[in-house]
Amino acid sequence: RPYSAAAIDQQDRIVLGSSAKGIAIPKLGTGTWAWGDQSVWGYGGYDKGLTQDSIAEAFKASVDAGVDFFDTAEVYGMGLSEKILGALLKDLPTAQRQSVTVASKFYPVDPASSLPRVRFPQDLLS
């Protein structure tokens, strides 16, 4: 059976990795891969239902359901996912925004050129 926000107790949290700050996240979050992605998900293209407004509705429904963990990456929509999520978070009241946890990831290869962005391990250690 699929999970839903209503089926998961958002207060039941797990500690993310071995963070020194002990970041605790709920077992259910919202993934933002499709937000801004034109090639796979059709944002602004073939999927006329995936728009800024529909994303804002999904975000609001998630937050209203108590979901406070959002996953994104700088390669989702070539950075547009992070920008959309940032704009939506900016519009939240301060107290609600401060309760949200955002996970993002860094892709070490430039998706536009397929060239490495860093020289391992020198750049990561400096």
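In this text the structure is predicted, and so the values were computed from the model without any measurement.

Q: Honestly, a nonpolar patch on the surface in this entry has me stumped. Any pointers?
A: A contiguous nonpolar patch, built from Trp33, Val40 and Trp41 and spanning about 300 Å² of accessible area, is present on the exposed surface. In this fold, Val40 is placed in the loop between β3 (30-31) and α1 (52-64). Relative accessible area serves as the criterion here: at 44%, Val40 is assigned to the partly exposed category.

Q: Sorry, what's going on with the environment of Leu115 here?
A: Inspection of the secondary structure assignment puts Leu115 in the loop between β5 (101-103) and α4 (122-125). In this structure, Leu115 is in contact with Pro108, Val109 and Asp110, ignoring residues within four places of it in sequence.

Q: Would you mind showing me how to read the packing of α1 against helix α2 (residues 80-90) here?
A: When two helices pack together, you describe them by how their axes are tilted relative to each other and by the distance separating the axes. Two elements in contact, α1 and α2, have axes whose closest approach is 11 Å; the angle formed by their N-to-C orientations is 55 degrees. Relative to α2, the element α1 is oriented oblique. With respect to the hand of their crossing, α1 and α2 are arranged in right-handed fashion. Only Ile84, Leu85, Leu88 and Leu89 of α2 make contact with α1, whose side of the interface consists of Gln52, Ile55, Ala56 and Phe59.

Q: Where do I start with α1 in this structure?
A: Residues spaced three or four apart along an α-helix point in a common direction, a consequence of the helix completing one turn every 3.6 residues. Here α1 contains 13 residues, and its C-alpha end-to-end distance of 18 Å stays within 8% of the 18 Å for a straight helix at 1.5 Å per residue. Among the residues of α1, Ile55, Phe59, Ser62 and Val63 are the ones counted as buried. Buried residues of α1, seen end-on, are gathered within an arc of 95 degrees and therefore sit on one face of the element. With respect to the buried face of α1, the exposed residues turned more than 90 degrees away are Asp53, Glu57 and Asp64. Elements in contact with the buried residues of α1: β3, β4 (69-71), α2 and α3 (94-98).

Cut-offs used in this document
- Residues numbered from 1 in each chain as written.
- Predicted model: local features only at pLDDT ≥ 70, side-chain atom pairs only at ≥ 80, totals over all residues.
- Heavy atoms only, no water.
- Patch = residues over 30% accessible without salt bridge, like charges linked within 9 Å, V, L, I, M, F, W, Y side chains within 5 Å.
- Areas by Shrake-Rupley, 256 points an atom, 1.4 Å probe, with all protein chains shown as cover.
- Salt bridge = Lys/Arg side-chain N within 4 Å of Asp/Glu carboxyl O.
- Helix = DSSP H or I, 4+ residues; strand = E, 2+ residues; numbered from the N terminus.
- Buried < 20%, exposed > 50% of the residue type's maximum accessible area, 1.4 Å probe, protein only.
- Contact = heavy atoms within 4.5 Å.
- Axes fitted to C-alpha atoms, helices over the stretch in contact; angles between N-to-C directions.
- Parallel < 35°, antiparallel > 145°, perpendicular 65-115°, else oblique.
- Left-handed = near helix turned anticlockwise from the far one by under 90°.
- Expected span 1.5 Å × (residues − 1).
- Arc of directions from axis to C-beta.

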